[in-house]
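Now for the letters of each chain:
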Amino acid sequence: MNQPKTAIDPWAVPTLIMWLLFFGIGLIPEATFWAARELGAVVTQNAIINSPSLVTIFLAMYLAFFAYHRCLDAGLSSENAMARAIQVGILGLIAFLPYPFYLLLFPGNLNLLGIGLHRLDELAAVFGLPVAKLLAWSYLLIVVVRSYLTSGTEAFVNMYPRFEQEDPEKDTDSTRE
């Protein structure tokens, strides 16, 4: 059966622009933190918050909160919605990690850091973290865009398999009918 295509909400485009700003901040949380501190003319001695890592934590928490409510809107139980929100939050922590991956864009910068890339774990730390960050960031951005343009609340529901346990009596009743 063909389902009629629903019209895009007129608020979807402005909301997506705000989400792009949100994900832009998440892509470079260190630079955002220091730029906000400069714009606010806050000196280090008077600052209440002295860590750009809090930007990462707050962005991940907000995204998890958003995913939780989108899953509830889709009709999932509170437990399933919470499980998905935790997974989105963990993925958000990776996606919004304050890692200076832009240093890797210029090969000469690795020499400035004094890194001798001889061991596999050093290679993974220098090259693996930025790749993991960009993959997680891209995936979450795609899910959010999908939730506004095509799938609605189902985008967050379909991210992971359902966590409900099957009732064995339910299966035997359905096979008897």
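In this text the structure is predicted, and so the values were computed from the model without any measurement.

Engineer: Help me understand the nonpolar core, please; the structure alone is not making it clear to me.
Structural biologist: In summary, soluble globular proteins display a tendency toward joint burial of nonpolar side chains. Phe-23, Leu-63, Val-88, Phe-96, Leu-140 and Phe-156 are the most contacted members of the largest nonpolar core, which totals 30 residues. A per-element tally of this core places helix α3 (residues 53-73) first, with eight residues.

Engineer: Teacher, can you tell me more about helix α1 (residues 12-27) here?
Structural biologist: Since the α-helix advances by 3.6 residues per turn, residues separated by three or four positions end up pointing in the same direction. Its 16 residues give α1 an end-to-end C-alpha distance of 22 Å, which sits within 8% of 22 Å, the value for a rise of 1.5 Å per residue. Among the residues making up α1, those that are buried are Ala-12, Leu-16, Trp-19, Phe-22, Phe-23 and Gly-26. Along the axis of α1, the buried positions cluster into a sector of 115 degrees, meaning they face one direction only. For α1, exposure combined with an orientation more than 90 degrees from the buried face picks out Val-13, Ile-17 and Met-18.

Engineer: Just to check I follow, could you spell out the confidence of the model for the chain for this structure?
Structural biologist: Should pLDDT be low for a region, the predicted coordinates there are not to be read in detail. Averaged over all residues, the pLDDT of the chain equals 77, while 69% of them reach at least 70. The model gives residues 1-5 a pLDDT under 50, and that stretch makes zero contacts with residues more than four places away or in other chains. Per-residue pLDDT stays below 50 along residues 171-177; that stretch engages in one contact with residues further than four places along the chain or on separate chains.

Engineer: I keep staring at the packing of α3 against helix α4 (residues 78-95) and nothing clicks. Help me out?
Structural biologist: Helix packing for two helices is described by the angle between their axes and how far apart those axes are. Contact geometry of α3 with α4 gives a least axis separation of 8 Å together with a crossing angle of 150 degrees. By the angle class used here, α3 and α4 are roughly antiparallel. With respect to the hand of their crossing, α3 and α4 are arranged in right-handed fashion. Contacts from Thr-56, Ile-57, Ala-60, Leu-63, Ala-64, Ala-67, Tyr-68, Cys-71 and Leu-72 in α3 reach Ser-78, Ala-81, Met-82, Arg-84, Ala-85, Val-88, Gly-89, Gly-92 and Leu-93 in α4.

Engineer: Would you take a moment to explain a nonpolar patch on the surface for this structure?
Structural biologist: Taken together, the side chains of Ile-48, Ile-49, Ile-57, Phe-58, Met-61 and Leu-93 define a hydrophobic patch exposed on the protein surface, amounting to about 610 Å² of accessible area. Looking at which element gives the most residues to the nonpolar patch, the answer is α3, with three residues. The topology assignment puts Ile-49 in the loop between α2 (29-39) and α3. Ile-49 sits in the partly exposed class, given a relative accessible area of 36%.

Engineer: When you look at the environment of Ser-53 in this model, what are you seeing that I'm missing?
Structural biologist: Topologically, Ser-53 is positioned in helix α3. The partly exposed category is assigned to Ser-53, whose relative accessible area is 33%. Spatially, the C-alpha atoms of Ser-53 and Pro-29 are 7.7 Å apart, while their sequence positions differ by 24 residues.

Engineer: Got a minute to help me understand the environment of Leu-59 in this structure?
Structural biologist: Within the fold, Leu-59 resides in helix α3. When its relative accessible area of 10% is taken as the criterion, Leu-59 is described as buried. Sequence spacing of Leu-59 and Leu-93 is 34 residues, and the spatial spacing of their C-alpha atoms is 8.1 Å. If we ignore the near neighbours within four places in the chain, the residues touching Leu-59 are Phe-22, Ile-25, Gly-26 and Phe-96.

Engineer: In this structure, what is going on with unusual backbone geometry? I would like to understand it.
Structural biologist: The phi angle at Ala-41 is positive, at roughly 55 degrees, despite the residue not being glycine. Looking at the secondary structure, you find Ala-41 in the loop between α2 and α3.

Engineer: Just to check I follow, could you spell out the packing of aromatic side chains for this structure?
Structural biologist: Aromatic rings in a pair are described by how distant their centres are and how their planes are angled relative to each other. Per the stated rule, a full pass over the model turns up twelve aromatic pairs. Between Phe-66 and Tyr-148, the aromatic rings sit 6.4 Å apart at their centres with planes inclined by 15 degrees, giving stacked as the arrangement. Of this pair, Phe-66 sits in helix α3 while Tyr-148 is found in helix α6 (residues 120-149), placing the two residues 82 residues apart along the sequence. Judged by its relative accessible area of 22%, Tyr-148 falls in the partly exposed class. Of the aromatic side chains, those joined through ring pairs into one cluster are Trp-19, Phe-22, Phe-23, Tyr-62, Phe-66, Phe-96, Trp-137, Tyr-148 and Phe-156. When the ring centre of Tyr-148 is taken as reference, the NZ or CZ atom of Arg-70 above it lies at 5.3 Å.

Scoring rules and cut-offs
Residues numbered from 1 in each chain as written. Predicted model: local features only at pLDDT ≥ 70, side-chain atom pairs only at ≥ 80, totals over all residues. Heavy atoms only, no water. Core = buried A, V, L, I, M, F, W, Y, C linked by side-chain atoms within 4.5 Å. Buried < 20%, exposed > 50% of the residue type's maximum accessible area, 1.4 Å probe, protein only. Helix = DSSP H or I, 4+ residues; strand = E, 2+ residues; numbered from the N terminus. Expected span 1.5 Å × (residues − 1). Arc of directions from axis to C-beta. pLDDT = per-residue confidence, 0-100. Contact = heavy atoms within 4.5 Å. Axes fitted to C-alpha atoms, helices over the stretch in contact; angles between N-to-C directions. Parallel < 35°, antiparallel > 145°, perpendicular 65-115°, else oblique. Left-handed = near helix turned anticlockwise from the far one by under 90°. Patch = residues over 30% accessible without salt bridge, like charges linked within 9 Å, V, L, I, M, F, W, Y side chains within 5 Å. Areas by Shrake-Rupley, 256 points an atom, 1.4 Å probe, with all protein chains shown as cover. Salt bridge = Lys/Arg side-chain N within 4 Å of Asp/Glu carboxyl O. Phe/Tyr/Trp six-rings, centres within 6.5 Å; stacked < 30°, edge-to-face > 60°. Lys NZ or Arg CZ within 6 Å of the ring centre and 35° of its normal.

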